[in-house]
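Summary of structural features
Listed below are the residues making up each chain.
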Amino acid sequence: RTPCFFVAGAYAYRHSKMWAEQDPPTYDQRAIDVTLYGSYASFGVGVLLLLLLCCLRRHIQLAIGCVKQAGRAIARMPLIVLVPILQAIGLIAFMCVFTVYAVYLASLGHVTVKNFPVPGDIDMAVRTYEFDEFVERCGWYLLFCLFWTGNFIVAVGDMVVSMAVAKWYFTHNKREASSVYVISSVFDTCFYHLGTCAYGSLILAIVQLMRAILARIQKQAKKANSKVADCLLCCCQCCLWCFEKCIKFLNKNAYIQTAIFGTSFCTSAREAFFLILRNAGRIGAISYVSGLVLFVGKLFISSVTTILSYFVIVEYVGEELYSVAGPVVVVFIISYFISDMFMDIFDMGISTILQCFVADEEMFDGDTCYAEGELQKWIDNYDG
């Protein structure tokens, strides 16, 4: 990502100079100055990121080691790729029930007819649904159920993945590891840790419901044409969005702590918070490296799928279509979301490997530690 800022800065600087030398000028002086200062800002951000990379060099090497070990873990437990499929099945089953309840609830409204005069001495009748206070409360409750259940399904999947990877890491002979760890993690999660998943998803669902209520208030404020209220509500919405992201990040690390140590949600969240504080550099490096790896992986999967679909469409149904652009774009979007769903396993695996490594580093020494490969080299080079 760092070279992108230098490329963007050079591009903006070149064009600002080119515009300034035009005679007669095509762009006004303000546009030229904005482009020139933008190039300086882009160069500055690039330099800062480059310095950050130099300072976090050790942590980035550790992050690369975690990525490699996460790949090894997933390769040893191929059944782990079925977790997103099970999540999708659970979500589809819930959505079927949710849709039925939503349709029945929507039918409880009272139909009102409003007549609007139109040119030609005729009235146009418009039918609208009006809901009483009880139905509106039921609607909010149904929305809360959607948030809670969706987050719960995601949390259970995260718990299963992190527990399977943790079991793989804390095995001395990792060649003996197999998909049995995934099956046992499913049973352990269902029997011992569903409460942790429910608690974490409940907190997240409450925050999401607050955002939905705030969005409803924003809509009413726009109808009232109140600029001050709209600005304040936008600030509150932004703060809640940031808070939701923090809760998601903390929940993810709390689930990993539970998978490793078997503690309750509150204990795991507290330990995860202090672990993040103690290892801020490592967490930042992991986020940087894993973000790049996951983005390239998603883009590669989506691109290959889209190219293959293009050839299939041209070969079999190309003559029946006006243009293949539409179907190809739809395939790219669908394949990107599906790849994102499966790459989340890799993301969870990388984060779990890092926390396992930190626990391994703090609890064990020398020959008793469980680190292998790149992680063991890192210990030998920097912590020896």
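Throughout what follows, the structure given in this document is the object of discussion. (Residues numbered from 1 in each chain as written. Predicted model: local features only at pLDDT ≥ 70, side-chain atom pairs only at ≥ 80, totals over all residues. Heavy atoms only, no water.)

**A look at the overall build of the protein chain**
Counting its regular elements, the protein chain contains twelve helices and two strands. Taken from the N to the C terminus, the helices and strands of the protein chain come in the order α-α-α-α-β-β-α-α-α-α-α-α-α-α. (Helix = DSSP H or I, 4+ residues; strand = E, 2+ residues; numbered from the N terminus.)

**Some remarks on the nonpolar core**
Within the largest apolar cluster, 50 residues are counted, with the highest numbers of intra-cluster contacts made by Met77, Ile80, Trp168, Tyr169 and Phe346. Elements that contribute at least two residues to this core include exactly α3 (57-76), α5 (133-169), α6 (180-192), α8 (227-261), α9 (265-278), α10 (280-316) and α11 (325-363). Broken down by element, this core gets its largest block of residues, eleven residues, from α5. When near neighbours in sequence (up to four residues on either side) are disregarded, Phe346 contacts Val67, Ala70, Gly71, Ile74, Val293 and Leu294. Judged by nonpolar contacts, the second largest core, of five residues, contains Phe94, Phe98, Leu105 and Leu142. (Core = buried A, V, L, I, M, F, W, Y, C linked by side-chain atoms within 4.5 Å. Buried < 20%, exposed > 50% of the residue type's maximum accessible area, 1.4 Å probe, protein only. Contact = heavy atoms within 4.5 Å.)

**Looking at the pattern of salt bridges**
One pass over the full model with this rule turns up seven salt bridges. The partner of Arg137 in a salt bridge is Glu133, with the nearest N and O atoms 2.5 Å apart. With a gap of four residues between them, Arg137 and Glu133 both fall in helix α5, about one helical turn apart. One salt bridge connects Lys298 with Asp340, and the closest N-O pair in it is separated by 2.6 Å. With Lys298 in helix α10 and Asp340 in helix α11, the pair connects residues that are 42 residues apart, well separated along the chain. By relative accessible area, which is 13% here, Lys298 ends up buried. Judged by relative accessible area, which is 24%, Asp340 ranks as partly exposed. The network of salt bridges with common partners includes Arg211, Glu244 and Lys248. (Salt bridge = Lys/Arg side-chain N within 4 Å of Asp/Glu carboxyl O.)

**Things to note about the side chain of Ser268**
Tracing the backbone shows Ser268 in helix α9. There is a polar contact of 2.7 Å between the side chain of Ser268 and the side chain of Thr258. Here Ser268 is in contact with Ala254, Gln257, Thr258 and Thr263, once residues within four sequence places are set aside. (Polar contact = N/O pair within 3.5 Å; in protein donor to acceptor, adjacent residues only side chain to side chain.)

**Some details on the packing of aromatic side chains**
Inspection of the entire model under this criterion finds ten aromatic pairs. Measuring from centroid to centroid gives 5.1 Å for Tyr169 and Phe170, while their planes differ by 75°, and the two rings are edge-to-face. Relative to Phe265, the ring of Tyr255 has its centre 6.4 Å away and its plane inclined at 50°; by these criteria the two rings are tilted. Residue Tyr255 is found in helix α8, and its partner Phe265 is found in helix α9; the two are separated by ten residues along the sequence. Across the pair, Phe265 and Tyr255 agree in class, each one buried. Among the aromatic side chains, those forming a connected cluster through ring pairs are Tyr199, Tyr255 and Phe265. (Phe/Tyr/Trp six-rings, centres within 6.5 Å; stacked < 30°, edge-to-face > 60°.)

**Notes on the side chain of Glu244**
One can find Glu244 in helix α8. In this structure the side chain of Glu244 is engaged in a polar contact, spanning 2.8 Å, whose partner is the side chain of Arg211. Each residue touching Glu244, except ones within four places of it in the same chain, is listed here: Leu204, Val207, Gln208 and Arg211.

Function cannot be inferred from these measures alone, as they are strictly geometric.
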